[in-house]
Amino acid sequence: MIKRVPIAALKVGMYITDLNNDWIPHNTQRKRGVIKKQETIEKIRQMGVEFVYIDASKGIDTQDSETAAEVDRRNESALQKAGEQSPGLRPHVPLAEEMVIAQQIHSQAQGLVGEFMNHAKVGGAIDVAPIHQLADELQHSVLRNANALSCLGRIREKDNYLLEHSVNLSVLMSLFGNYRSLSSDVLHQTIVGALLHDLGKILTPDEILHKPGRLTPEEFEVMKLHARHSRDILATTEGIGELTVITAAQHHERLDGTGYPEGLKGDEISEYGRMVAISDVYDAITADRVYHKGMTPTQGLKKLLEWSGSHLDPALVKQFIRCLGLYPVGSLVLLESGRLGVVVEANESDQRLPTVRVMYHTKFRMPITLDTIDLAKPGTQDRILRAEDPKEYKVDVRKFLL
């Protein structure tokens, strides 16, 4: 049986199935196996981990625990409660129309961020004007129909993670900032900060940055320096605002002080640092990496709730969930009819009734004619039962988002 155990109850001889620390980006340390030394427990504690998951059938058990199923039920309840309010953005143009523009912006964004990083790497003159224009175009697309860029954010490749992550993070910060009614200038600066938050990785050795296996503790310390490098480069770049620097500098800080580069605690982390930390963790844990299989969007939201309080700002996490919806774009959902569908558009009035693209019938275990269904449309009887993991049905959701 899989159980969640507090770090204080962790003992030598227990079998860890999940260190429950994916909120530490780039952490590729081994996450499974029997604890053989007390020193291992201390290292886990030093990382800021409060709970781990163990398999009681493969190692020592403990009464000071709760089952993974109980934890999931509590997270699901918290997710439903957090999602009671409707999302904040109402589409102004049809999805198909905005998708054409969004594809151009998304492609341009990856190229521009890559070009910006290359210029910075060789020490050449950096023109920030195109980045500012790009931030405005991203913002305008989100305001016209946020679902378009959200769909593209779910169509990603492991080999292009760095650039895709930067663009996705800027989209998430645009959604989040709009939901929280940030002023135009503040929102613009945070979007630019999201676009350039990983700029410091140009100073990370390629053998570490692109290492396919686990990083050693020493390599992880080198990787962590990228946040400080991002701050320093942006702080000396003409045309970059203070909030852009703060957003980029604080995206790995955590409330309990276990983050980096400065180990800031609580109110030492700015409002925008807390926002970008939530957005960054969500995008990272829902992406497939060489060393990490991405969670589903719904699983990712539940993990944000689980890590709230100690690592992530709980009030902002709840707002982030309301912003994305209970079933974020790209989620695979099971309908009451037995059909499977991919969420392609959020519902601005009721998070439980998005637009889905159905493609498979679980009762008959066979593909069905592709159909797009607005669950909020009068006369539509079908409803969502729950989110599903695409791996269980061998569904590639990317194929149904365009």
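The coordinates are above.
Quick caveat: nothing in here was measured; it's all calculated off a predicted structure. (Residues numbered from 1 in each chain as written. Predicted model: local features only at pLDDT ≥ 70, side-chain atom pairs only at ≥ 80, totals over all residues. Heavy atoms only, no water.)

Caption draft 1: Region of the structure containing helix α3 (residues 95-121). In a regular helix each residue adds 1.5 Å, so 27 residues correspond to 39 Å; α3 covers 37 Å between its end C-alpha atoms and thus fits that length. Maximal helix bending in α3 amounts to about 25°, located at I101. Of the residues trailing α3, G123 is marked for its positive phi of about 75°. (Helix = DSSP H or I, 4+ residues; strand = E, 2+ residues; numbered from the N terminus. Expected span 1.5 Å × (residues − 1). Bend = angle between axes of the 7 residues up to and from the residue.)

Caption draft 2: Region of interest: the environment of L149. Here L149 is to be found in helix α4 (residues 129-153). On a C-alpha basis, the gap between L149 and D313 in space is 25 Å, while along the polypeptide they are 164 residues apart. Contacts of L149, omitting those with residues within four sequence positions, involve A102, H106, L138, S141, V142 and V171. (Contact = heavy atoms within 4.5 Å.)

Caption draft 3: Spatial organisation of the sheet that holds strand β3 (residues 33-34). Taken in spatial order, the 5 strands line up as β3-β2-β4-β1-β5 in an open sheet, and their pairing is antiparallel. The sheet is open, and its two borders are formed by β3 and β5 (66-67), each paired with just one other strand. Inspection of the sheet shows strand β1 (residues 2-6) paired to β5 by 2 bridges, in the antiparallel sense. From the neighbouring strand, R4 faces β5, where its bridge partner is E66. (Pairing = 2+ DSSP bridges.)

Caption draft 4: Broad picture of unusual backbone geometry. Residue P261 is bonded to the preceding Y260 through a cis peptide linkage, with omega at 15°. With respect to the helices and strands, P261 occurs in the loop between α10 (242-249) and α11 (271-285).

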